[in-house]
Amino acid sequence: VQLQASGGGLVQAGASLRLSCASSGRAFSTYSVGWFRQVHGKEREFIAGINWDYGTTAYGEFVKGRFTISKDNAANTVYLQLNTLKPEDTAVYYCATVEARAREIVVATIMYKYWGQGTQVTVSS
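The notes below deal with the structure included here. (Residues numbered from 1 in each chain as written. Predicted model: local features only at pLDDT ≥ 70, side-chain atom pairs only at ≥ 80, totals over all residues. Heavy atoms only, no water.)

1. A few points about the overall build of the protein
What counts here: Segments assigned H or I by DSSP are reported as helices when at least four residues long, segments assigned E as strands when at least two residues long, and all are numbered from the N terminus. For a compact globule the rule gives 2.2 Å times the number of residues to the power 0.38, and the radius of gyration it is set against comes from C-alpha atoms. Here, residues are in contact when the closest pair of their heavy atoms is within 4.5 Å. Note that accessible areas follow from Shrake-Rupley with a 1.4 Å probe, and for residues the cover is restricted to the protein chains shown. In summary, the charge assignment counts Lys and Arg as positive and Asp and Glu as negative, without counting His or the chain termini. A charged residue contributes its charge at one atom only: NZ of Lys, CZ of Arg, CG of Asp or CD of Glu.
Counting secondary structure elements, the protein contains zero helices and eleven strands. If you list the helices and strands of the protein from N to C, you get β-β-β-β-β-β-β-β-β-β-β. The C-alpha atoms of the protein give 13 Å as radius of gyration, which agrees with the globular expectation for 125 residues (14 Å, within 12%). Overall, the C-alpha framework of the protein stretches about 40 × 25 × 25 Å when taken along its three principal axes. In the protein, once contacts between residues fewer than 6 apart in sequence are set aside, the share between residues at least 24 apart is 59%. For the protein, the accessible surface area stands at approximately 6300 Å², while carbon and sulfur atoms represent 49% of it. Looking at the protein, you have 12 positive and 9 negative side-chain charges, and the mean spots of the two groups are 2 Å apart.

As structure tokens, this is what we get:
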């Protein structure tokens, strides 16, 4: 499985971005797909995850309704909508995937098997 994350950029506080995670080589079926972010020198943290087959979702506690994960079956792509961005959201955002059970959403970073290259999101104040 090869993942391509895109959609990052430099925006002002309050703006929105939509990140994309496309899979090449294999469809996401039977997989859990997650979005993570990492600030230099800190641990990578879980943002959101989706079970591809069932559409069930889970979010990190800090999200508080600002971010939304979704999928496009036809495009074999998972999206992360980022709204009301804050300077503290500045990070490299990664998508990842791993085989999962029915309706399961894997939230532990260490469990993810395949990672994309990351896309930089920078939010200015």
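Now that the structure has been shown, we can carry on.
2. Here's the deal with the nonpolar core
Our working definition: Only buried Ala, Val, Leu, Ile, Met, Phe, Trp, Tyr and Cys residues count toward a nonpolar core, and they belong to the same one when joined by side-chain atoms within 4.5 Å. Only protein chains enter the accessibility calculation, which uses a 1.4 Å probe. A residue is then buried if its area is under 20% of the maximum for its type, exposed if over 50%, and partly exposed in between.
Ranked by size, the top nonpolar core spans 25 residues in total, and within it W35, I47, V78, L80, L82 and Y93 carry the most contacts. Listing elements by their share of this core, those giving two or more residues are β1 (2-6), β3 (17-24), β4 (31-38), β5 (45-51), β7 (67-72), β8 (77-82), β9 (91-99) and β11 (119-124). Excluding anything up to four places from it in sequence, I47 contacts W35, F36, R37, A58, Y59, G60, F62, V63, F67, L80 and Y93. If you look at the next biggest cluster of nonpolar residues, it comprises six residues, including F46, V98, V106 and Y112.

3. Quick look at the packing of aromatic side chains
Two numbers describe a pair of aromatic rings. These are the distance of the centres and the angle of the planes. So the rule is basically this: Two aromatic rings from Phe, Tyr or Trp, using only the six-membered ring of Trp, form a pair when their centres are within 6.5 Å; if the ring planes differ by under 30 degrees the pair is stacked, by over 60 it is edge-to-face, and anything between is tilted.
Applying the stated criterion across every chain yields a total of seven aromatic pairs. Centre to centre, the rings of F36 and Y112 are 5.0 Å apart; their planes meet at 75°, and the pair counts as edge-to-face. Of this pair, F36 sits in strand β4 while Y112 sits in the loop between β9 and β10 (114-115), and the two are 76 residues apart along the sequence. Of the two residues, F36 and Y112, both sit in the buried class. Aromatic pair F36 and W115: ring centres 4.9 Å apart, planes at 50°, arrangement tilted. Here F36 is found in strand β4, whereas its partner W115 is found in strand β10, with 79 residues between them in sequence. Taken together, the ring pairs in this structure connect F36, F46, Y94, Y112 and W115 into an aromatic cluster.

Such coordinate-based values are descriptive only and should not be taken to indicate function.
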